[in-house]
Amino acid sequence: MQNQMELTFSALPQNEAFARVTIAAFAVQLNPTLPEMADIKTAVSEAVTNAIVHGYRGREDGLVRMSAEYGDRRLLTVVVRDEGCGIADVEKAMQPFYSTGDGTERSGMGFCVMQTFMDAVEVDSTVNKGTTVTMRKYITGEVGLHRERMLDEIG
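Residues numbered from 1 in each chain as written. Predicted model: local features only at pLDDT ≥ 70, side-chain atom pairs only at ≥ 80, totals over all residues. Heavy atoms only, no water.

**Observations concerning the packing of helix H1 (residues 15–27) against helix H2 (residues 34–55)**
Packed helices, taken two at a time, are described by the angle their axes make and the gap between the axes. Contact geometry for H1 and H2: axes closest at 9 Å, N-to-C directions at 145°. The hand of the H1/H2 crossing is right-handed. Contacts between H1 and H2 involve Glu16, Ala19, Arg20, Ile23, Ala24 and Ala27 from the first element and Met37, Ile40, Lys41, Thr42, Val44, Ser45, Val48 and Thr49 from the second. (Axes fitted to C-alpha atoms, helices over the stretch in contact; angles between N-to-C directions. Helix = DSSP H or I, 4+ residues; strand = E, 2+ residues; numbered from the N terminus. Left-handed = near helix turned anticlockwise from the far one by under 90°. Contact = heavy atoms within 4.5 Å.)

Structure, rendered in structure tokens:
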């Protein structure tokens, strides 16, 4: 079974919470463990925040696109895209503590957080065209699988 979703929203800071709730509602279908769900929501939060804060640099006229899909292998793929300023040096941007922000509120740990909580993170960016962050996580859903087995056994 293949399932997918796509969402487009304004590049407004308050929409970061909207993206977190949306990905949680989609991912819950895979019966993730609570730690897996927290990992997914945190990674999505970082990707969306990067798009809003760094991709559009405070412009509120931009759009952020988030899509997600999973199949029978329980591999969740989440893609967050913006059409903002892009990243000139992706490798440098993915280093800890690197930030294009003004340094007062940003730690430069967004990509590191995404890499910590997801199984794979890929960043594709072109200056003045935007950035696409693709994140993948295999959902073990041990609790969910155990529940399914129990239900199968009792019939």
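**Observations regarding the confidence of the model for the chain**
Averaged over the chain, the pLDDT score is 86; the fraction of residues at 70 or greater is 79%. The least confident element of the chain is helix H5 (residues 142–154), whose mean pLDDT is 57; the most confident is strand S2 (residues 63–70), at 98. (pLDDT = per-residue confidence, 0-100.)

**Brief notes about the side chain of Ser67**
With respect to the secondary-structure elements, Ser67 resides in strand S2. Beyond its immediate sequence surroundings of up to four residues, Ser67 is in contact with Met5, Glu6, Thr77, Val78, Val79 and Arg81.

**Observations concerning the pattern of salt bridges**
With the rule as written, the count across this model stands at five salt bridges. Linking Glu16 and Arg20 is a salt bridge whose minimum nitrogen-to-oxygen distance equals 4.0 Å. One end of the pair, Glu16, and the other, Arg20, are both in helix H1, four residues apart, so they sit about a helical turn from each other. Its relative accessible area of 26% is what places Arg20 among the partly exposed residues. With a shortest N-O distance of 2.9 Å, Arg136 and Glu122 are connected by a salt bridge. Of this pair, Arg136 sits in strand S5 (residues 130–138) while Glu122 sits in strand S4 (residues 120–126), and the two are 14 residues apart along the sequence. Arg136 gets classed as partly exposed once you look at its relative accessible area, which sits at 26%. Here Glu122 falls in the partly exposed class, since its relative accessible area comes to 43%. (Salt bridge = Lys/Arg side-chain N within 4 Å of Asp/Glu carboxyl O. Buried < 20%, exposed > 50% of the residue type's maximum accessible area, 1.4 Å probe, protein only.)

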